[in-house]
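Residue strings, one per chain:
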Amino acid sequence: MEDSKNPDFIEQFFLNCGFATRALHAGEHVGQPHTPAHNTPIYQSSTFIFQNADHGAAIFKGEVPGYVYTRMGNPTVMALEGKINALEGGQWKLDHPNDLIATLAFSSGMAAISAALMACAKAGDTILMGDVVYGATEHLCSHVLCNYGVSTVEVHMSDLEAVEAAIKANPKAKLIFFEMPMNPTLELVDIPAVVKLVRATNPEMRVIVDNTFATPYLQRPLEMGADLVVHSTTKYIGGHGAVVGGLATTRHESVKNELYKVIKDIGSNPSPFDSWLVNMGLKTLPIRMDKHCSNAMAVARFLEKHPKVETVYYPGLESHPQHALAKKQMADFGGMLSFELTGGFGAGKKLMDTIEIFTLAVSLGCVDSLIQHPASMTHASVPKEKKLKGGITDGLVRVSVGIEDPEDLINALDNALKKV
Ligand SMILES: Cc1ncc(COP(=O)(O)O)c(C=O)c1O
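What counts, and at which threshold
Residues numbered from 1 in each chain as written. Predicted model: local features only at pLDDT ≥ 70, side-chain atom pairs only at ≥ 80, totals over all residues. Heavy atoms only, no water. Helix = DSSP H or I, 4+ residues; strand = E, 2+ residues; numbered from the N terminus. Polar contact = N/O pair within 3.5 Å; in protein donor to acceptor, adjacent residues only side chain to side chain. Contact = heavy atoms within 4.5 Å. Buried < 20%, exposed > 50% of the residue type's maximum accessible area, 1.4 Å probe, protein only. Pairing = 2+ DSSP bridges. Right-handed = clockwise from strand over helix to strand, strands pointing away.

**Observations regarding the side chain of serine 338**
Next up, step 1: Within the secondary structure, serine 338 is located in strand β9 (residues 336–341).
Next up, step 2: Polar side-chain contacts of serine 338 include one of 2.8 Å to the backbone oxygen of proline 184.
Next up, step 3: Apart from the residues within four sequence positions on either side, serine 338 is in contact with Pro184, Thr185, Leu186, Thr311, Val312, Tyr313, Leu396, Val397 and Arg398.

**A short note on the pairing of strand β5 (residues 206–210)**
Next up, step 1: The buried fraction of β5 is high, at four of five residues.
Next up, step 2: As defined by bridge partners, strand β4 (residues 175–179) adjoins β5 across five bridges and the pair is classed as parallel. Paired with glutamate 179 across the bridge in β5 is aspartate 210.
Next up, step 3: Once you follow β4 into helix α9 (residues 191–201) and on to β5, the crossover reads as right-handed.
Next up, step 4: Of the pairings in the sheet, the one linking β5 to strand β6 (residues 228–232) comprises three bridges and is parallel in character. Considered in β6, the bridge of aspartate 210 is made with valine 230.

**A word on unusual backbone geometry**
Next up, step 1: Of note, the amide linkage connecting methionine 180 to proline 181 takes the cis form, showing an omega dihedral of -10°.
Next up, step 2: In this fold, proline 181 is placed in the loop between β4 and α9.
Next up, step 3: The omega torsion of the bond from asparagine 183 to proline 184 falls at 10°, within 30 degrees of zero and hence cis.
Next up, step 4: Here proline 184 lies in the loop between β4 and α9.
Next up, step 5: Its identity as a non-glycine residue notwithstanding, leucine 186 has a phi of 60°, on the positive side.
Next up, step 6: The phi angle at serine 363 is positive, at roughly 75°, despite the residue not being glycine.
Next up, step 7: Within the element layout of this structure, serine 363 appears in the loop between β10 (359–360) and β11 (370–372).
Next up, step 8: Here serine 363 falls in the partly exposed class, since its relative accessible area comes to 22%.

Just geometry here; none of it tells us what the structure is for.
See below:
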């Protein structure tokens, strides 16, 4: 086969291209029957035809590649997996050509997170978990995994001494999981430093990073030594608020095999249509993220100077206690910020009820701006004392800054703050 038509050659070729080129082209040629369609088609089919009985048996045995049934694999889903492979793990693969990089797509971010935890821990194991994580991630540990013999030790991940103490106190822990940046407090974790601490004490422990807030455009944990990266593609990766989905990318064959078992046997696979939507969203990730970041910076600077605003949490501000770490570890500072009003929750409630343009809704990473109250919404399931310990106060308002004109966002905030 000519090189230009060989899918392996094409994928290798795109690994050498820049991020935006990979976001558009990578994955589009992975595992697809040849069709002249320009865009990857939506293979909306539950099952696939075998050429004959021997062919079917050979695919089942893994002797020849091929599709069987969409829960076990689908060409549209595979295109998405190939694209994230090239974005999240592309540089790792170039630097370590003999290592595996594998991505599996899931029906939601929580499906990807639960599969990641199940892939790395079993009954009787302990896991280390950041103490500021999305409410459902906390709930998964405290209300589901505990019923299957997995116990959780919480760690404040921005405090490296606390991380080191937790690793040493739990030498048999199977994994450490954290969000970077953390939701919703925008605290940061020094990923290479955590990896170093883990490798020095317990080289077998898996480091798992929820990269949902940053996206691979701003931060690539695998390049920093992490073992597994998870995403809620519902957010920036999908980008348009149209789909719920998740992804997990790893550089270990054993982890990939365990993740695949979870998808296949629990059935947490995404639909072909949802995968197609996420794949389309990914193509514009770089330009969307640039605009999210510049708008968030403009909004953060405005809020920082406003007399009715007590504190703004945005890693791009010099006042953020980990601003230097953000500059070192991220390509830019993201589209998420949170803030406290001088008037506390009452003032925040008034703001959320009166503001224009910003939609009052949970979720984040949509092209349009969203506003919400973590203590009563996304983190409602987290016990109050735990919320307070992690900085999720009743007065905290979280904003997902969209890609509107920044002057309009600032005017909307200014007008709403006048009514507070
Ligand atoms: C950081 C983070 N991780 C994971 C999730 C869960 O993703 P999903 O809602 O797609 O299951 C969320 C949802 O808000 C999130 O904010």
